[in-house]
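# Fold and contact review
Take a look at the letters that make up each chain.
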Amino acid sequence: MKRTIAAVAAAYLACTCAASAKDMSLAYWMGPKHPMNAGLFEPFAEKLAEVSGGEMTVTQYPGGALNTAPPKQYSIMLSGVADVVFALPGYTSDLFPKTNVISFPGVCEDAVECTEALLRAKSELEDEYDAKLLAIWANDKPVLITRDTPVRTLEDLKGLKIRVATKESVSSVEAMGASAVAQPASVLNQNLANGVIDGIMIGASAIASFKLHEPGKYVTTWFPSSASALILAMNKGYYDSLSDQEKAWVDAAADESLSRAAGQAYQRAGENGLQVAADNGMELIEISDEEKARFNNAIADAMAASMQEKAGDKTVGEIMAIMKGE
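In this text the structure is predicted, and so the values were computed from the model without any measurement.

Reading guide: rules and limits
- Residues numbered from 1 in each chain as written.
- Predicted model: local features only at pLDDT ≥ 70, side-chain atom pairs only at ≥ 80, totals over all residues.
- Heavy atoms only, no water.
- Helix = DSSP H or I, 4+ residues; strand = E, 2+ residues; numbered from the N terminus.
- Rg over C-alpha atoms; globule rule 2.2 N^0.38 Å.
- Buried < 20%, exposed > 50% of the residue type's maximum accessible area, 1.4 Å probe, protein only.
- Contact = heavy atoms within 4.5 Å.
- Areas by Shrake-Rupley, 256 points an atom, 1.4 Å probe, with all protein chains shown as cover.
- Lys, Arg positive; Asp, Glu negative; His and termini not counted.
- Charge placed at Lys NZ, Arg CZ, Asp CG, Glu CD.
- Pairing = 2+ DSSP bridges.
- Axes fitted to C-alpha atoms, helices over the stretch in contact; angles between N-to-C directions.
- Parallel < 35°, antiparallel > 145°, perpendicular 65-115°, else oblique.
- Nonpolar A, V, L, I, M, F, W, Y, C, P; charged D, E, K, R; others polar.
- pLDDT = per-residue confidence, 0-100.
- 1 Å grid on protein atoms, 1.4 Å probe; cavity = no way out; pocket = protein on both sides within 12 Å on 5 of 7 lines; lining within 4 Å.
- Points joined across faces, edges and corners; volume = space filled by probe spheres on them.
- Right-handed = clockwise from strand over helix to strand, strands pointing away.
- Salt bridge = Lys/Arg side-chain N within 4 Å of Asp/Glu carboxyl O.
- Phe/Tyr/Trp six-rings, centres within 6.5 Å; stacked < 30°, edge-to-face > 60°.

## Re the overall build of the chain
A tally of helices and strands in the chain yields 13 helices and 13 strands. The C-alpha atoms of the chain give 22 Å as radius of gyration, which agrees with the globular expectation for 326 residues (20 Å, within 12%). Projecting the C-alpha coordinates of the chain onto the three principal axes gives extents of approximately 85 × 45 × 30 Å. In the chain, which comprises 326 residues, the share counted as buried stands at 50%. The long-range fraction of contacts in the chain, counting pairs at least 24 apart against all pairs at least 6 apart in sequence, stands at 77%. On the chain, roughly 14100 Å² of surface is accessible, and the fraction owed to carbon and sulfur atoms is 51%. Across the chain, the mean location of the 28 positive side-chain charges is 4 Å away from that of the 42 negative side-chain charges.

Written as structure tokens, this is what we have:
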């Protein structure tokens, strides 16, 4: 009888704790093996559970369970379909002109450096979001993946249809003689295989994440751009509904170390992506310094014009200077 009473009491306490725990939904459209799961989503959930003593938890909804269209991630957070989302501001560039300055050539050199650039400008960028910005970071600098045409020189780009992640990359790509096409990462494998596009401008981490080594044959390992911004954002109404203690737990779990860890994860994933490319027989093309200078000269006028364009209440050039710490 004593054992039965003890068991019932333990079960009651477990149920009570479970009922009192506040669980939030976290949606992303990639699979659970994507680098950001281990690099960001799980660390955030684990830290939140730790600092809250288990009173706040996270349930993941991967693989598009709550939304299959990557550009709609931000909107499902706004509407409350998901409490927290992983999103790419570049997919809705008009909403985030300051954030997407990170994509212009010359801002930064790798995922870690580009993440620091975003954090340097975070106070300027937060106002663009109708959300609680939990983390902001960058992926690795883009490479160029092609199927039929190896790109070794500026002339090799002429007439190619190149996928870009953000509209900020369009002017530079077209200044080099190619056509720019904006597409989400989820369709790139099929579109390169079918010839809908000729090349993909994307971080090297995507080679492994989206199996781009299957349709692709060549990787030009340098391309004149910086990186893409990524965010983890929480519904503002959800955050505002939390108690002061719960907000403090969320803030502790989402300090700047979370963003930095995500940038470091992408850095490692980019290195792994290039290794996957090599292991699967893709040709890795290194551009000479002389040829890089030709690429940069080709985009110089377009870049000069872009620096004068408005990005919210500032110019692109002013936001870039903040990101670079100038």
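The discussion continues.
## Points about the pairing of strand S5 (residues 142-146)
S5 sits mainly inside the fold: five of its five residues count as buried. Residues Pro 142, Leu 144 and Thr 146 point to one face of S5 and Val 143 and Ile 145 to the other, with burial holding for every one of them. As paired elements, S5 and strand S8 (residues 199-203) share five bridges and run antiparallel to each other. From the neighbouring strand, Pro 142 faces S8, where its bridge partner is Gly 203. Bridge analysis of S5 against strand S9 (residues 218-220) gives three bridges, and the strand direction is antiparallel. Counterpart to Ile 145 in the pairing with S9 is Val 219.

## Topic: the packing of helix H12 (residues 289-307) against helix H13 (residues 316-324)
Running from amino to carboxyl end, H12 crosses H13 at an angle of 95 degrees, the nearest separation of the two axes being 6 Å. With respect to H13, the element H12 is oriented roughly perpendicular. Contacts from Met 303, Ser 306 and Met 307 in H12 reach Val 316, Gly 317 and Met 320 in H13. Counted by class, the contact of H12 with H13 contains four nonpolar, two polar and no charged residues.

## Here we look at the confidence of the model for the chain
On average, the chain scores 92 in pLDDT, and the residues at 70 or more come to 94%. Overall, residues 1-20 carries pLDDT values under 50, and its contacts beyond four positions in sequence, including any with other chains, amount to one contact.

## Quick notes on the sheet that holds strand S6 (residues 161-164)
Backbone hydrogen bonds are what pair the strands of a sheet, in a parallel or an antiparallel way. The six strands lie next to each other as S7-S6-S8-S5-S9-S11, forming an open sheet whose pairing is mixed. The open sheet has two free edges, formed respectively by strand S7 (179-182) and strand S11 (283-285), since each of these has just one partner strand. Along the sheet, successive strands turn relative to each other by an average axial angle of 30 degrees, direction set aside. Packing against the sheet, helix H11 (residues 256-279) makes contact with S5, S9 and S11, and its axis sits at approximately 130 degrees to S11.

## Considerations on empty space enclosed by the protein
Per the counting criterion, the structure on display carries three cavities of 30 Å³ or more. For the largest cavity, the calculated volume is near 270 Å³. Counting only elements with at least two residues in the lining of the largest cavity, the list comes to S6, S8 and helix H8 (205-209). By residue class, the composition of the lining of the largest cavity is 16 nonpolar, 10 polar and one charged. Looking at the lining of the second largest cavity, its residues break down into nine nonpolar, two polar and no charged.

## Here we look at the pairing of strand S2 (residues 56-61)
Strand direction decides the pairing type here: strand S1 (residues 22-27) and S2, joined by six bridges, are parallel. Along S2, the bridge assignment pairs Met 24 with Val 58. Where the polypeptide runs from S1 across helix H2 (residues 35-51) and back to S2, its parallel neighbour, the crossover connection is right-handed.

## Section: the pattern of salt bridges
Should their charged atoms come close, side chains of opposite charge can pair. If you walk through the whole model with that rule in mind, you get 15 salt bridges. In this structure, Lys 167 engages Asp 94 in a salt bridge whose closest nitrogen and oxygen atoms are separated by 2.5 Å. Of this pair, Lys 167 sits in the loop between S6 and helix H6 (170-175) while Asp 94 sits in the loop between strand S3 (84-87) and helix H4 (111-120), placing them 73 residues apart in sequence. On the basis of relative accessibility, which here comes to 49%, the residue Lys 167 falls in the partly exposed class. Among the ionic pairs, Glu 124 bridges to Lys 314, the shortest N-O distance being 2.9 Å. Taken together, the residues Glu 124 in helix H5 (residues 122-125) and Lys 314 in strand S13 (residues 314-315) connect sequence positions 190 residues apart. A cluster of three or more residues bridged by salt bridges with shared partners is formed by Lys 98, Glu 124, Asp 313 and Lys 314.

## Details of the packing of aromatic side chains
Scanning the model with the defined rule gives nine aromatic pairs in all. Measuring from centroid to centroid gives 6.4 Å for Tyr 74 and Tyr 129, while their planes differ by 75 degrees, and the two rings are edge-to-face. Within this pair, whereas Tyr 74 is found in helix H3 (residues 73-78), its partner Tyr 129 is found in the loop between H5 and strand S4 (131-138), the two being separated by 55 residues in sequence. The burial state of Tyr 74 is the same as that of Tyr 129; both residues are buried.

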